[in-house]
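What follows is each chain in one-letter form.
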Amino acid sequence: MKSKIVAQFRHPSGLLGALAGRIMAARRSNRFRNDRTVDLMALSPNSRVLEVGCGPGLALARCASVVTSGRVVGLDHSDVMIRQARNRLMKQGVADRVTLIEGGIDRLADWPDTFDRIFSLNVIQFQSGKPGFFGAVIDALVPGGLCLTTYQPRLDADGPGAAQRMIASIEDALHAVGFENVTETEIIGGATPAICVFGQKSDTHRS
Ligand SMILES: C[S@@+](CC[C@H](N)C(=O)[O-])C[C@H]1O[C@@H](n2cnc3c(N)ncnc32)[C@H](O)[C@@H]1O
């Protein structure tokens, strides 16, 4: 049963997907990772921020508690997650501050806005082409904008060394599409630290 639920994390659907979303929302370590990732962005009331793979909306709710006059957008290709995120935002009284989009990363290509922060949390491990993913992100950022990618290694499933390999592949992909000032920081709080990798779009970047 556990493996069936874990398999849902990539694209939650149906009843098992709804259960996976409830587990994500209830797990203390996941709530902490979401909070810390949002705090690392140093948002202001007029920030324009996008989350790719928002799941049940934990981070969006925290973004919306700070961003009162800017823009908060959540993108997820799972209709079940978009529903759970909407319910959470409504319960917290911030639904009117957040735009939810059901769709994949490809939706960014025709999205009319640009953002000064784009982040994802435990989404990158599901992407087959990281340069394609970060290429879409850099095109949707304003010059000087930041991309944050948080990843929680799962030692039981991924084995030793997996975290370092994942971080190296994230950093390679960020550099490949033109991000600068690529750095990382640990988010300590769960059984193993999560890693947040930053990249900045340069002021002179050309697609
Ligand atoms: C493990 S969950 C993490 C959810 C949330 N970020 C959190 O930490 O609580 C991964 C989420 O990313 C979404 N996702 C994965 N790949 C995606 C893509 N290419 N475009 C949009 N959503 C994606 C999944 O549907 C799922 O809701």
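Residues numbered from 1 in each chain as written. Predicted model: local features only at pLDDT ≥ 70, side-chain atom pairs only at ≥ 80, totals over all residues. Heavy atoms only, no water.

## Re helix α3 (residues 28-40)
Right, on to step 1. End to end, α3 covers 18 Å across 13 residues, agreeing with the expected 18 Å (1.5 Å per residue, within 8%).
Right, on to step 2. Every buried residue of α3 is listed here: N30, R33, N34, T37 and V38. The arc that holds the buried residues of α3, viewed along the axis, is 130°, so those residues lie on one side.
Right, on to step 3. Once α3 ends, the next one or two residues include A42, with phi positive near 45°. (Helix = DSSP H or I, 4+ residues; strand = E, 2+ residues; numbered from the N terminus. Expected span 1.5 Å × (residues − 1). Buried < 20%, exposed > 50% of the residue type's maximum accessible area, 1.4 Å probe, protein only. Arc of directions from axis to C-beta.)

## Examining the site of the ligand
Right, on to step 1. Around the ligand lies a shell of 23 residues, among which N30, G53, D76, L121 and Q127 are the nearest.
Right, on to step 2. In this structure, G53 approaches the ligand through a main-chain N or O atom, which is 2.9 Å from a nitrogen atom.
Right, on to step 3. In this structure, a nitrogen atom belonging to the ligand sits 3.4 Å away from a main-chain N or O atom of I105.
Right, on to step 4. Starting from 600 Å² of accessible surface for the ligand in isolation, the protein chains cover 96%. (Near = heavy atom within 4 Å. Polar contact = N/O pair within 3.5 Å; in protein donor to acceptor, adjacent residues only side chain to side chain. Areas by Shrake-Rupley, 256 points an atom, 1.4 Å probe, with all protein chains shown as cover.)

## Here's the deal with the packing of helix α6 (residues 130-140) against helix α8 (residues 162-177)
Right, on to step 1. Relative orientation of the contacting elements α6 and α8 amounts to 50°, with a least axis distance of 9 Å. Taken together, the axes of α6 and α8 are oblique relative to one another. α8 is crossed by α6, and the crossing has right-handed handedness. Across the interface between the two elements, K130, P131, F134, G135 and I138 of α6 pack against M166, S169, I170, A173, L174 and V177 of α8.
Right, on to step 2. When the residues that make up the contact of α6 with α8 are grouped by side-chain class, the tally is eight nonpolar, two polar and one charged. (Axes fitted to C-alpha atoms, helices over the stretch in contact; angles between N-to-C directions. Parallel < 35°, antiparallel > 145°, perpendicular 65-115°, else oblique. Left-handed = near helix turned anticlockwise from the far one by under 90°. Contact = heavy atoms within 4.5 Å. Nonpolar A, V, L, I, M, F, W, Y, C, P; charged D, E, K, R; others polar.)

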